[in-house]
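What follows is each chain in one-letter form.
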Amino acid sequence: MKKISRRTALKSVLAGGASLSLCGISASGLSACTGTDKEKTPVLEPLKGNIHHSVSKWCFGGYALDEFCEICKSIGIESIELLDPQDWPIVQKHGLTVAMAQGAGLGIDNGFNNPDLHEQLIASYQEVIPKVADAGLTNLICFSGKRNGLTDEQGWENCAKGLKQLMPLAEKHNVVLVMELLNSYGHQDYQCDHTAWGVELCKRIGSPNFKLLYDIYHMQIMEGNIIDTIKNNIQYIGHIHTGGNPGRNEIDDTQELYYPAIMKAIVETGYKGFVGQEYIPKEEDKVASLTKCIRICDV
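Here's a quick rundown of the structure. (Residues numbered from 1 in each chain as written. Predicted model: local features only at pLDDT ≥ 70, side-chain atom pairs only at ≥ 80, totals over all residues. Heavy atoms only, no water.)

Some remarks on the environment of A196
This is how the line gets drawn: Helical segments are the DSSP runs of H or I of at least four residues, strand segments are the runs of E of at least two, and each set is numbered from the N terminus.
By the secondary structure assignment, A196 is in helix 7 (residues 195–205). Each C-alpha atom, one on A196 and one on T229, is 9.2 Å from the other, the two residues being 33 residues apart in sequence.

So this is what it looks like as structure tokens:
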């Protein structure tokens, strides 16, 4: 990944944060300057504020976290997510938040559907849940684990048995455990791979402190029908991820999902959570890519 300095990034993308356009604004919200306008510093219109924007740091691994925080803040992003406890203060000192925390559990493959792991998992989450609350954060990611021959019913029963033991602590600290929906092709044999499966687990746990991370990229692969699924299940969704399909790259017109319509549908549901960009940029200018994708989602 080619690393771009913050000076270069901000010169090419922004001029001191969101402000009025000096040139014509394209559909992505980026200024399109021609003629004498080329000598003017291109800037962006203010974000509309209907979507709370976040981004997964792992997708932009070439940047130091401090540098990435400055870039994200200048773009208008409010959160950098999927970070461990030691990273939370770094993000917060820049005036940003961590919309989806990590740091508990045993990874994607070893989740709550395996009762043999419950003792370890529960101890891990019991340690981290208070840390999330003390940091002023809300969402903490969790996983079902691989199916490993389990039926849907066995998976629901095992997950509910383990997670219900954590709900009193989560409710006490106002922390939400959020299970990610993943495709079971890339993450082979992962059990929580359909929205209906995750929703059923939410119903069985029966707590507002357990919800789903609806990953649009993953669910496009598994089931499609993104807009209707979000609208019909928004009460069970605590966080949303983006990603282009095929390829998990930029969410622009190079792929099959039309994100402006998806984002408008999300806004119409009254959803107030975060939308996290979790695509792997393939464009050379990573900051311009991220800016473009934020603007595509800013409806």
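A short note on the packing of helix 2 (residues 65–75) against helix 11 (residues 286–297)
Here is the rule we go by: Axis definition: a line fitted to C-alpha atoms, limited for helices to the stretch in contact. Angles are taken between N-to-C directions and run from 0 to 180 degrees. By convention the crossing between two helices is left-handed if the near helix lies anticlockwise of the far one by an angle smaller than a right angle, and right-handed if it lies clockwise. In what follows, a contact means two residues having at least one pair of non-hydrogen atoms within 4.5 Å. Classification convention: Asp, Glu, Lys, Arg as charged; Ala, Val, Leu, Ile, Met, Phe, Trp, Tyr, Cys, Pro as nonpolar; all other residues, Gly among them, as polar.
Running from N to C, helix 2 and helix 11 cross one another at 40°; their axes reach a closest spacing of 10 Å. Crossing of helix 2 against helix 11: the hand is right-handed. Contact residues: F68, I71, C72 and I75 in helix 2; V287, L290, T291 and I294 in helix 11. When its residues are assigned to classes, the contact of helix 2 with helix 11 shows 7 nonpolar, 1 polar and no charged.

Considerations on the packing of aromatic side chains
Here is the rule: Side-chain rings of Phe, Tyr and Trp, where Trp is taken by its six-membered ring, are said to pair if the distance between their centres is within 6.5 Å; with planes under 30 degrees apart they count as stacked, over 60 as edge-to-face, and otherwise as tilted. We count a charge as sitting over a ring when the NZ of a lysine or the CZ of an arginine lies within 6 Å of the ring centre and within 35 degrees of the ring normal.
The full count for this structure, using the stated rule, is 5 aromatic pairs. Feature note: the residues F60, Y63, F68 and Y279 constitute an aromatic cluster, connected by ring pairs. Sitting over the face of the ring of F68, K57 holds its NZ or CZ atom 5.6 Å from the ring centroid.

Details of the sheet that holds strand 9 (residues 274–277)
Heads up, the condition is: For two strands to count as paired, DSSP must find a minimum of two bridges between them.
Overall, parallel pairing links the 7 strands, which are arranged 4-3-9-8-7-6-5 in an open sheet. Taken across any chain shown, the strands that pair with only one partner, and hence form the sheet edges, are strand 4 (79–81) and strand 5 (139–142). Between one strand and the next, the sheet's axes are offset by a mean angle of 30°, whatever the strand orientation. Contacts from helix 4 (residues 118–134) reach strand 5 and strand 6 (176–180) within the one sheet, and its direction differs from that of strand 5 by about 155°. On the sheet, helix 11 packs against strand 3 (52–56) and strand 9 and is oriented at approximately 145° with respect to strand 9.

Focus on empty space enclosed by the protein
Counted only if it meets this: A cavity here means a set of points on a 1 Å grid, drawn over the protein atoms and nothing else, where a 1.4 Å probe fits but cannot get out; a pocket is an open set with protein on both sides within 12 Å along at least five of seven lines, and a residue lines either one if it has an atom within 4 Å of a point. Grid points are joined across faces, edges and corners, and a volume is the space filled by probe spheres set on the points.
For the coordinates displayed, the defined rule picks out 1 cavity of 30 Å³ or more. Roughly 30 Å³ of internal volume is contained in the largest cavity. G105, L106, G107, N110, G111, F112, L121, Y125 and F143 together form the lining of the largest cavity. Across the lining of the largest cavity, the residue classes tally to 5 nonpolar, 4 polar and no charged.

Side note on the pairing of strand 8 (residues 237–241)
Applied cut-off: With a 1.4 Å probe rolled over the protein chains alone, any residue whose accessible area is under 20% of its type maximum counts as buried; one over 50% counts as exposed, and the rest are partly exposed. A clockwise course of the path from the first strand over the helix to the second, judged with the strands pointing away from the viewer, identifies a crossover as right-handed.
Of all 5 residues that make up strand 8, 5 are buried, and the element is covered over most of its length. Here 4 bridges tie strand 7 (residues 210–215) to strand 8, and the two strands are oriented parallel to one another. Across the sheet, residue L212 finds its bridge partner in strand 8, namely I237. In terms of strand pairing, strand 8 meets strand 9 through 2 bridges, oriented parallel. Across the sheet, residue I240 finds its bridge partner in strand 9, namely V275. Following the chain from strand 8 across helix 10 (residues 259–268) to the adjacent parallel strand 9, one finds a crossover that is right-handed.

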